[in-house]
Amino acid sequence: MNINDLYDRNYVPYSNEASVALVQSKQGSWFAGTRIENISYPLTISAVQNALFCCLSEAHQPDVLFTDHPDESTLQCWEKELNISIELLKKADPPTQHVGNLGLDEDLHIKKTLHDLLDQAVVEESNFPVSALVETDRGFYSGVNVECQSWSLGLCAERIAIAKAFSYGASAITGLHLHTREGEFSSPCGACRQVIIEHLPNCQVHLHHADGSESVHFSNDLLPHSFQSSSLSKHKTT
Ligand code: THU
């Protein structure tokens, strides 16, 4: 993969400002992240957060972060929170060739995969693991919830799966599966519903509950009157 391929994997219809980040883990693997915007701007996932959370959700520890936005104010938070070092991503010679593929087997067993993924959740704050799978034009991608000491920096499993899928080359998401180990009813939070609506309009969302039962919902039914505005332009740039 070259750096331009990675820039093409941004979803930036509101700013048109693509960004990429790479993370080298302590275990020696490389992870990529692109910017995934939302019509509700504060729900945007930066390239830096995306790359870091791709790494953390795959049970790796981030070591070095490479960013094309070294002046971004949130970098200090990540430096402190995760004890990482930060370097400039040089467009001339980026280490993108090390980035592998996080796509899962097409014929995976959904319930077993969701169950096993729960062990990868980073839940030191809540001890409430959540797992997610998204179905895309390039197969399945996974997510688990990743918590930070500073709670508002963390991300839900669904949003990590969606952001990971785009960063790793998916261009369309067609379904989502969600699972929790506890809780009467596995259900996406309001913020995730807004993100789900943007990338999976009129798609099926499968909720795999703790007791083994499953309910299937259309994404639009999960968030009636979702936030939309024609004054915010939306033309997919990927
Ligand atoms: N969580 C998710 O991962 N998805 C949701 O839709 C609901 C909440 C996580 C976030 C946090 O790590 C924990 O559950 C408790 O809020």
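Since the structure is predicted, the reported quantities are computational estimates derived from the model, not experimental observations.

Definitions and limits used
- In this convention, every chain numbers its residues from 1, walking through the sequence in written order.
- It should be noted that, the model being predicted, local features are given only for residues of pLDDT at least 70 and side-chain atom pairs only at 80 or more, the latter also being counted only at that level, while totals for whole chains, interfaces and linings use all residues.
- The side-chain quantities take in all heavy atoms of the structure and omit both hydrogens and water.
- A pair is scored as a salt bridge if a Lys or Arg side-chain nitrogen falls within 4 Å of a carboxyl oxygen belonging to Asp or Glu.
- Secondary structure elements follow DSSP: runs of H or I no shorter than four residues count as helices, runs of E no shorter than two count as strands, and numbering proceeds from the N terminus.
- Each residue is assigned to one of three classes by its accessible area relative to the maximum for its type, calculated with a 1.4 Å probe on protein chains only: buried under 20%, partly exposed between the two thresholds, exposed over 50%.
- Here, a strand pair is defined by DSSP locating no fewer than two bridges between the strands.
- Where helices are involved, their axes are fitted lines through C-alpha atoms of the stretch in contact, as for all axes, and angles between N-to-C directions lie from 0 to 180°.
- By the convention used here, residues are in contact when the closest approach between their heavy atoms is within 4.5 Å.
- Neighbouring residues are identified by heavy atoms, a residue being near a molecule or strand if any of them is within 4 Å of it.
- Within 3.5 Å is the distance limit for a polar contact, defined as a pair of N or O atoms, with the added protein rule that one can donate a hydrogen and the other accept it, and that residues adjacent in sequence qualify only through two side-chain atoms.
- Reported accessibility uses the Shrake-Rupley method at a 1.4 Å probe radius. Residues are deemed covered only where the shown protein chains occlude them.
- Asp, Glu, Lys and Arg are counted as charged, while Ala, Val, Leu, Ile, Met, Phe, Trp, Tyr, Cys and Pro are counted as nonpolar; the rest, among them Gly, fall into the polar class.

Student: Requested: an account of the pattern of salt bridges, with residues and values cited.
Tutor: Under the criterion given, the structure shown has 5 salt bridges. With a closest N to O distance of 2.7 Å, Lys164 and Glu58 form a salt bridge. With Lys164 in helix H5 (residues 157-167) and Glu58 in the loop between helix H2 (47-57) and strand E3 (62-67), this pair connects stretches of sequence that are 106 residues apart. Residue Lys112 is joined to Asp116 by a salt bridge in which the shortest nitrogen-to-oxygen separation is 2.5 Å. Of the two residues, Lys112 and Asp116 are both situated in helix H4 (residues 110-117); the distance of 4 residues between them amounts to about one turn of the helix. Given the relative accessible area of 36%, Asp116 is considered partly exposed.

Student: Tell me about the sheet that holds strand E5 (residues 130-136), residues and numbers included.
Tutor: Spatially, the 5 strands line up as an open sheet ordered E6-E5-E7-E8-E9, and their pairing is mixed. The outermost strands of the open sheet, each flanked by one partner alone, are strand E6 (139-144) and strand E9 (214-218). Between one strand axis and the next, the sheet turns through 20° on average, direction left out of account. As paired elements, E5 and E6 share 6 bridges and run antiparallel to each other. By the bridge assignment for E6, Glu135 is matched with Phe140. The strands touched by H4 within the sheet are E5, E6, strand E7 (173-180), strand E8 (204-208) and E9, with E5 carrying the most contacts at an inclination of about 140°.

Student: Tell me about the site of the ligand, and name the residues and values.
Tutor: Lining the immediate surroundings of the ligand are Ser126, Phe128, Val130, Asn145, Glu147, Cys156, Ala157, Glu158, Ser187, Pro188 and Cys189. Contact distances for the ligand include 2.9 Å between an oxygen atom and a side-chain N or O atom of Asn145. Contact distances for the ligand include 2.6 Å between an oxygen atom and a side-chain N or O atom of Glu147. Computed on the free molecule, the ligand has an accessible area of 370 Å², of which 73% lies beneath the protein chains in the complex. Looking at the shell around the ligand, its residues break down into 6 nonpolar, 3 polar and 2 charged.

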